[in-house]
Amino acid sequence: MSEHESTPVSDQDSGPARDHDDTAVSDRPGGPVGAPEQPRPARSPGRERLAGRISRFDRKHRLDRKLGHAVSRLTGQALGPYQTAVIRIGFAGTWLLFLLREFPHRQEMYGPDGPWSWDLAQQLIASNHAFTVLMWADSQVWFEIVFGFAVLSAALFMLGWRTRTMSVLFLLGVLSLQNRSIFMGDGGDNVIHLMAIYLVFTRCGQVWSLDARRERRAAAARARGGHEGHEGYEGHPEADRGGRRPDRVGVVLWAVFGLALAAVTLAGKIDGGVLGGWRTIYWGLWALQALWWLAGRYADRSDQPRILLDVVANLVHNAALFVIMAEACLIYATAGWYKIQGSRWQDGTAVYYPLHLDYFSPWPVLSDVLSASGTMVMLVTYGTVVAQVAFPFTLFNRRVKNVLLAVMMTEHAVIAVVLGLPFFSLAMIAADAVFLPTSFLRRLGGWAARARVWLISRVSRVSRNSRFGRLGRALPGPREDSGEESGGSGGPGAEAGDEPGEGDPRPPKAADHPHVGFTA
């Protein structure tokens, strides 16, 4: 075997090509084949400094991109539409159930002849400057009007009808009753009190509301008119550039409440306080409603005012949502750390005592069963403290947060049954719902929509069968098909499916005016 044949292939292929006198030959593309390779220049300190500057520029550019994405998300959309909708329904529903439950006892709790008399309440209001319309008149008729107003506003706010206006009226009802008799409340009432203020600044009517359904139907009508060649709303003499009809109901509500606000302001019923106090807040909200309506009414001339208001509204909504989440974390953190300082919580016996109080024992047998085991009492006591202290820290891990969230909701459900505190538990469950995953809330909305369709179809079928039964008893024997039976437009499908996609819990994406939360 020759020397060339015995040379390893790896030695021949390694390094640059060389000619017969062992001179390095360049094999770079674009260069002459067989030309000597130019020696690479050493990396100078200047080039290293330039590379460092480029690296720092890249890192800063990536940081700028991340900050720009965060700002765009905070200003471009109202985050958590399903979470804000579920807490709107939760707190409004809890307050409504509480008022209906205490309707027979409303006089003793908030009436002018209750234990906390009107004179005592007036002295307290004069010192703490709390807002309540019940102190405007010492009259039984006025009390009944205010109580009925609180019930109606809670029901409409829960359904999401004119959400912006109803959120302010819901706040008026909560403040008026709770500030009238502050000793009638508990922890649940305090949570409702705070959340009623925060919900005013959120766009909580984007989904699961009558406002969302009305906007979805209007968008479908405009799209249907455009596809089929019909005028839709565009033919209306007062329709704007997008084909939307004027919101007369919103204008009427705005005008009526503006006149009422002017009357009570001139009468001196609203305390001014620092920077105008509640008077400044209510007049500011009323003026913002007018500004929003004007921006939408004259959007055909310029879209810039509406875009600016939309950005500001998104920022306010996202800030209020953050405050709601922080408030829930603060409630659990303070409750847990205060429990740690108590001796009964330290020795693991704190849960035993409320189970043997008559006021907190609606089911004495169940309380006795739960308190019979000392190990069970100790586990529940320590578990409550650990869960409340750890809950704010679990928000950094989604899976752990979801597990502990289910534990906390289950605990409040047990408190509602065992200790007889249903409204406190409902208020805390509604506060916990702000942390529920969006995917779960969407599935929940789908289940609710299917249940509604099934219930409407069942009711329609039962009513139709009962109507046919009465007709059969009145006219026995065979009969011909009548127009009512064969040509009627009713039927389970017609009533349940008003329009395609009505049961879809997702917010509309292609609507021209998706900001139903700021409709008057």
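Residues numbered from 1 in each chain as written. Predicted model: local features only at pLDDT ≥ 70, side-chain atom pairs only at ≥ 80, totals over all residues. Heavy atoms only, no water.

## A short note on the confidence of the model for the chain
Averaged over all residues, the pLDDT of the chain equals 80, while 74% of them reach at least 70. Taking the mean pLDDT of every element in the chain, the minimum, 36, falls on helix H21 (residues 492–496) and the maximum, 97, on helix H4 (residues 81–101). Ignoring residues within four places in sequence, the model shows residues 1–31, a span with pLDDT below 50, making 26 contacts including any to other chains. Counted against residues more than four places away or in other chains, residues 473–520, with its pLDDT under 50, gives 73 contacts. (pLDDT = per-residue confidence, 0-100. Helix = DSSP H or I, 4+ residues; strand = E, 2+ residues; numbered from the N terminus. Contact = heavy atoms within 4.5 Å.)

## Topic: the packing of aromatic side chains
For the structure on display, the rule yields 18 aromatic pairs. Centre to centre, the rings of tryptophan 278 and tyrosine 282 are 5.7 Å apart; their planes meet at 25°, and the pair counts as stacked. With a gap of four residues between them, tryptophan 278 and tyrosine 282 both fall in helix H12 (residues 277–297), about one helical turn apart. The class for tryptophan 278 is partly exposed, based on a relative accessible area of 21%. According to the relative accessible area criterion, tyrosine 282 is buried, its value standing at 7%. Between phenylalanine 391 and phenylalanine 435, the ring centres sit 5.4 Å apart and the planes meet at 80°, which makes this aromatic pair edge-to-face. Highlighted residues: phenylalanine 391 in the loop between helix H16 (374–390) and helix H17 (398–418) and phenylalanine 435 in the loop between helix H18 (422–432) and helix H19 (438–474), separated in sequence by 44 residues. Residue classification places phenylalanine 435 among the buried positions, given a relative accessible area of 4%. An aromatic cluster of three or more residues is present, and its members are Phe131, Trp136, Trp142, Trp278 and Tyr282. (Phe/Tyr/Trp six-rings, centres within 6.5 Å; stacked < 30°, edge-to-face > 60°. Buried < 20%, exposed > 50% of the residue type's maximum accessible area, 1.4 Å probe, protein only.)

## Description of the nonpolar core
Soluble globular proteins: nonpolar side chains tend toward being buried together. In this structure, Phe91, Trp95, Leu99, Phe170, Leu177 and Tyr282 are the most contacted members of the largest nonpolar core, which totals 66 residues. Considering each element in turn, this core owes the most residues, 10 residues, to H4. Those residues in contact with tyrosine 282 that lie beyond four places of it in its chain are Phe131, Val168, Leu172, Leu175, Leu261 and Ile270. (Core = buried A, V, L, I, M, F, W, Y, C linked by side-chain atoms within 4.5 Å.)

## Some details on the packing of H4 against helix H9 (residues 187–199)
Viewed as axis vectors pointing N to C, H4 and H9 meet at an angle of 135°, and their least axial separation amounts to 11 Å. The angle between H4 and H9 falls in the class oblique. Of the two elements, H4 crosses H9, and the hand of that crossing is left-handed. Here H4 contributes Ile87, Arg88, Phe91, Thr94 and Trp95 to the contact with H9, which in turn contributes Val191, Ile192, Met195 and Leu199. (Axes fitted to C-alpha atoms, helices over the stretch in contact; angles between N-to-C directions. Parallel < 35°, antiparallel > 145°, perpendicular 65-115°, else oblique. Left-handed = near helix turned anticlockwise from the far one by under 90°.)

## Some details on the environment of threonine 163
For threonine 163, the location among the structural elements is in helix H8 (residues 163–180). With relative accessibility at 1%, the residue threonine 163 sits in the buried group. The sequence separation of threonine 163 and glutamine 206 amounts to 43 residues, and the corresponding C-alpha distance is 9.3 Å. Not counting chain neighbours up to four residues away, the residues in contact with threonine 163 comprise Arg88, Phe157, Cys204, Gly205 and Asp211. Side-chain polar atoms of threonine 163 contact the side chain of aspartate 211, separated by 2.6 Å. (Polar contact = N/O pair within 3.5 Å; in protein donor to acceptor, adjacent residues only side chain to side chain.)

## Description of unusual backbone geometry
The backbone of histidine 129 sits at a positive phi, close to 60°, despite the residue not being glycine. Looking at the secondary structure, you find histidine 129 in the loop between helix H6 (118–128) and helix H7 (140–159). Within the chain, tryptophan 208 stands out as a residue other than glycine whose phi angle is a positive 55°. Relative to the helices and strands, tryptophan 208 resides in the loop between H9 and helix H10 (210–228).

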